[in-house]
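# Overview (structure and organization)
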Amino acid sequence: MEVEGLVVGPLAANCYVVSAGGDAVVIDPGAEANRVLKAVGGREVAAILVTHGHSDHVGAVDELVAETGAPFMAPRRDLASLEGYVGVRPARLLNDGDRLEFGDISLTVIATPGHTLGSSCFYAPGVLFSGDTLFAEGVGRTDLPGGSAEALFNSIRERIFSLAGDTIIYPGHGERTTVAREKRSNPFFASGWV
Ligand SMILES: [Zn+2]
């Protein structure tokens, strides 16, 4: 499984193109559909996934669906927040524990509420797409509708820090990191502050 990251839009969101064999999955196409399509190259887009419903992560969904015909899949509990940003209806609503199989790409949905109600991570052995739940030395904001600091810290502790330390984290903004590195040096956790 290969991962290519692109920084898109004015809020510098990370969009990821995950590929294996001839298939690709796009995660969080926030803007700049043309650049995303270029990264996809000649591969078949099997699905367009979003980690949560914020505009900087979903802004290019309509254009990508129109261009590729791929099914759009979004966390069930963030459905309401998609309204106004995305016109196409999700072909599938995602729940905690869902297994997503696209050819040689296999991802598991891990619900990580806190940044938003429906915020979800996508996991494959060795790799986690964390959306705006966990960043390199940071965490997602919790002051927007559906946000909860308590839920966010619980999600990170119970659902992310329980993964293998060498799991690579591809966050929704900023540089990639690992589970072990965040346990050790994320200021919200390393200090014992939460
Ligand atoms: Zn967000």
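For the structure given in this document, a descriptive report is provided here. From a predicted model like this one, the values you see are computed outputs, not experimental measurements.

## Digging into the pairing of strand β5 (residues 72-75)
Every other side chain in a regular strand lies on the same face of the sheet, so the side chains alternate between the two faces. Judged from the two bridges that link them, strand β4 (residues 44-49) and β5 form a sheet pairing that is parallel. Within β5, the residue paired with I48 across the bridge is F72. Sheet analysis places β5 next to strand β6 (residues 92-94), joined by three bridges and oriented parallel. What sits directly across from A74, in β6, is L93.

## Considering the sheet that holds strand β13 (residues 168-171)
Strand order across the open sheet formed by six strands is β7-β8-β9-β10-β13-β14, with mixed pairing between neighbours. Edge positions in the sheet fall to β7 (99-102) and β14 (177-178), since each has one partner strand and no second. Pairing of strand β8 (residues 105-111) with strand β9 (residues 120-124), which is carried by four bridges, proceeds in the antiparallel orientation. Its bridge partner lying in β9, A111 is registered against S120.

## A closer look at the pattern of salt bridges
Under the definition given, this model contains five salt bridges. When the shortest N-O distance is used, the salt bridge between R35 and E32 registers 2.9 Å. With its nearest N and O atoms 2.8 Å apart, the salt bridge here joins R141 to D143. Accessibility expressed as a relative area gives 47% for R141, which makes it partly exposed. Given the relative accessible area of 56%, D143 is considered exposed.

## Overview of the packing of aromatic side chains
What the rule picks out here adds up to six aromatic pairs. A centroid spacing of 5.4 Å and a plane angle of 55° characterise the contact between Y16 and F129, whose relative ring orientation is tilted. A residue pair is termed long-range when its members are at least 10 positions apart, and Y16 in strand β2 (residues 13-20) and F129 in strand β10 (residues 127-131) qualify at 113 residues. As far as the burial class goes, Y16 and F129 line up, both buried. For Y16, a relative accessible area of 6% puts it in the buried group. Taken together, the ring pairs in this structure connect F153, F161, F188 and F189 into an aromatic cluster.

Conventions used here
Residues numbered from 1 in each chain as written. Predicted model: local features only at pLDDT ≥ 70, side-chain atom pairs only at ≥ 80, totals over all residues. Heavy atoms only, no water. Pairing = 2+ DSSP bridges. Helix = DSSP H or I, 4+ residues; strand = E, 2+ residues; numbered from the N terminus. Salt bridge = Lys/Arg side-chain N within 4 Å of Asp/Glu carboxyl O. Buried < 20%, exposed > 50% of the residue type's maximum accessible area, 1.4 Å probe, protein only. Phe/Tyr/Trp six-rings, centres within 6.5 Å; stacked < 30°, edge-to-face > 60°.

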